[in-house]
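Chain residues, written in single-letter form:
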Amino acid sequence: MGWRDHSTPSRQGRRHHAGPSARRRMVVVVVLLGLASLGLIARAFDLQVVRKQFYQRQGDARFLREMEIKVSRGTIFDRNGEPLAVSTPVMSIWANPSEVLDNAERIPALAKALGADPDTIKQYLEQRTDREFVYLRRQMSPAAAQSVLDLDVPGINGQREFKRYYPSGEVTAHVLGFTNIDDHGQEGLELAYDDWLAGKPGAKRVIRDRMGHVVEDVEQVRAPKPGQNLTLSIDRRIQFLAYNELKSTLEKSQADSGSMVILDVKTGEVLAMVNLPTYNPNAVSGSQPAQRRNRAMTDVLEPGSTIKPILMAAALSSGKYTPTGPLIDTTGGHWFFQGHDIHDTHNYGLLSPTGVITKSSNVGAAHIAMTLDTSLMYDTYRAFGFGNSTNSGFPGEASGYLQVGAKWRPLEKAILGYGYGLNVTVLQLANAYATIADGGVMHSPTFIKGGDSDPKVIIDPQIAHELVGMLETTTQPGGTAAPYAWIANYTVAGKTGTAHKATAGGYSKDNYGAAFAGMVPATNPQLVAAVVVDNPRKGSYYGGLVSAPVFAKVMAGALRLLDIPPDNIGRWYVGGPLQSPDGLTGSKPPTAPNIEDAPVEDATP
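Quick caveat, the model's predicted, so the values are computed rather than measured.

How each quantity is defined
- Residues numbered from 1 in each chain as written.
- Predicted model: local features only at pLDDT ≥ 70, side-chain atom pairs only at ≥ 80, totals over all residues.
- Heavy atoms only, no water.
- pLDDT = per-residue confidence, 0-100.
- Contact = heavy atoms within 4.5 Å.
- Pairing = 2+ DSSP bridges.
- Helix = DSSP H or I, 4+ residues; strand = E, 2+ residues; numbered from the N terminus.
- Axes fitted to C-alpha atoms, helices over the stretch in contact; angles between N-to-C directions.
- Buried < 20%, exposed > 50% of the residue type's maximum accessible area, 1.4 Å probe, protein only.
- Phe/Tyr/Trp six-rings, centres within 6.5 Å; stacked < 30°, edge-to-face > 60°.
- Lys NZ or Arg CZ within 6 Å of the ring centre and 35° of its normal.

*Asks:* Lay out the confidence of the model for the protein chain with the relevant residues and their values.
*Replies:* Considering every residue of the protein chain, the mean pLDDT works out to 87; 85% of them sit at 70 or more. Here residues 573–604 is a poorly scored stretch, pLDDT under 50, and it has 85 contacts once near neighbours within four places are set aside; other chains count.

Printed below as a string of structure tokens:
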């Protein structure tokens, strides 16, 4: 009865046993919560302190963007303020590929607005899902681009840009060149003055939403600097005259190509430069490389008899010759020199140095060349710019070719006297004649209005004056350019040239380059032009009959446009009263020579 069963724990004992277990659980919970709190604090510290900049950059990359602020390219004007190249605003459509593909059902409507194939666009985007920016269509008209944006396709956006437009099209194409789709100059003056014209794009930071739309401008990073305008020496009116007349001549003669350069004698400014064939700079993709070549600057030719005034400059400088003597014997019209037949097509007999120019005698020119000191002849050719770039600054300008005088063999020296054995550009030829016209002063040709560089004296002014007088006889009755180079009421001085074209292994017998270079008015030269027609195949191929008329028609218009007063009223000219330098009068111009009888200015070297 008095005993107690010790096998069953008492309530007090049970409480004593359970107490420590609850406390342990509480401690575990508290510890875990503490550790979790510490983890959150550590993570927050890591995010907000340790790696704050990294995550800030990641966030900015998704929402903060730096956008380029496009600037307009500078306008190119002609010398009279007429626009030759302008930039017009356009819109380019771009896409975020992944966003557009997430809404693939909208692609057909997008493709229709873009005028493209839906499958092609989808494939294009699928190949570029790792990007956030791809162009779908560049340089659309603002109205057409807006019709695309109005579809509100997710991931489709527009970007304002500028497109170059050339009002004169193919007429000024070779001078101006063109820009690429990013508005950077690729050829011509667009390339030469790209830094000046292009300006500097600006930049700004913006916030975009997940659709790519700009929702806020944050700050301007770099202020935009628009391109600067450029005023050229080109006169658009004269450029059109030269283009139309050269084009007409090439069509009539079925020639391969042609070039014409017109210079201001007193400044060296290029008033016109035309080449054919040409291209439309507003649609460059449809042109061929041969059409885009500025032949007046990049192509070279053997000048033929147009070099003879430069030979005469050396002859007069030597003191051995004057315009009137001594006489040169060209009797028979042939000179067999070192096994080579240098010939004229007529027997001119005894000719003065002026007569050699008037009749364009190869025999006379070769005889004069062989009497000159080689170094003097070479230095004169070189001083007139042959074998050197004109320093016009035009991209791709050729230097031509003139062998060092010390290497000239006798036969080479003789044929150099009438324009073979060297290569020149049409611009070099025009500039050499401009030097004679300006009293022996050479200017570097320039395409910029008022861009005349430091001129330099090449020959004595008196010699230059005598050369002009000698060249005037070429356009007077009996000269190789009469009457085709005549201009009503103006005196003209110039020189014809007809050169066989070089081919593999020698010279072609039936392919020619027809040239004429001259100056007006001869009594006080203001303008100089050089015309070259390459390989005329129909009708005549002589410089006096093919190129001289181009010179006369274009320069007649240029003289009128520039209001240059006449100096030859009542004297020899086509279609009006005539009076020769000797005072003889007539009722009509002298009969032009038949093609078969026209004087050949050059023979095969």
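*Asks:* Please provide a residue-by-residue account of the sheet that holds strand β10 (residues 270–276), values included.
*Replies:* Where strands meet in a sheet, backbone hydrogen bonds hold them as pairs that are either parallel or antiparallel. If you walk across this open sheet you meet the 5 strands as β10-β9-β21-β20-β19, and the pairing is antiparallel. Strands at the two margins of the open sheet, each flanked by one partner only, are β10 and β19 (493–503). The average angle at which neighbouring strand axes cross in this sheet is 10°, direction not considered. By the bridge criterion, 8 bridges tie strand β20 (residues 506–520) to strand β21 (residues 527–534) in an arrangement that is antiparallel.

*Asks:* I'd like a rundown of the environment of Asn244, residues and numbers included.
*Replies:* Here Asn244 shows up in helix α10 (residues 236–253). By relative accessible area, Asn244 is classed as partly exposed at 46%.

*Asks:* Describe in detail the environment of Tyr165, supporting the description with residues and values.
*Replies:* Here Tyr165 is to be found in strand β5 (residues 156–165). With a relative accessible area of 41%, Tyr165 lands in the partly exposed category. Each C-alpha atom, one on Tyr165 and one on Pro83, is 9.9 Å from the other, the two residues being 82 residues apart in sequence. In contact with Tyr165, not counting residues within four places along its chain, are Leu84, Ala85, Val86, Thr88 and Asn282.

*Asks:* So what's going on with the packing of aromatic side chains? Residues and values would help.
*Replies:* Here the structure, examined in full by the defined rule, presents 12 aromatic pairs. Ring geometry for Tyr541 against Tyr542: centres 4.5 Å apart, planes inclined by 35°, an arrangement best described as tilted. Overall, the relative accessible area of 23% leaves Tyr541 in the partly exposed class. Take Tyr542: its relative accessible area is 4%, and that puts it in the buried class. Aromatic ring contacts, followed pair by pair, group Trp94, Phe133 and Tyr135 into a single cluster. One residue, Arg138, lies across the ring of Tyr135, its end atom 4.1 Å from the ring centre.

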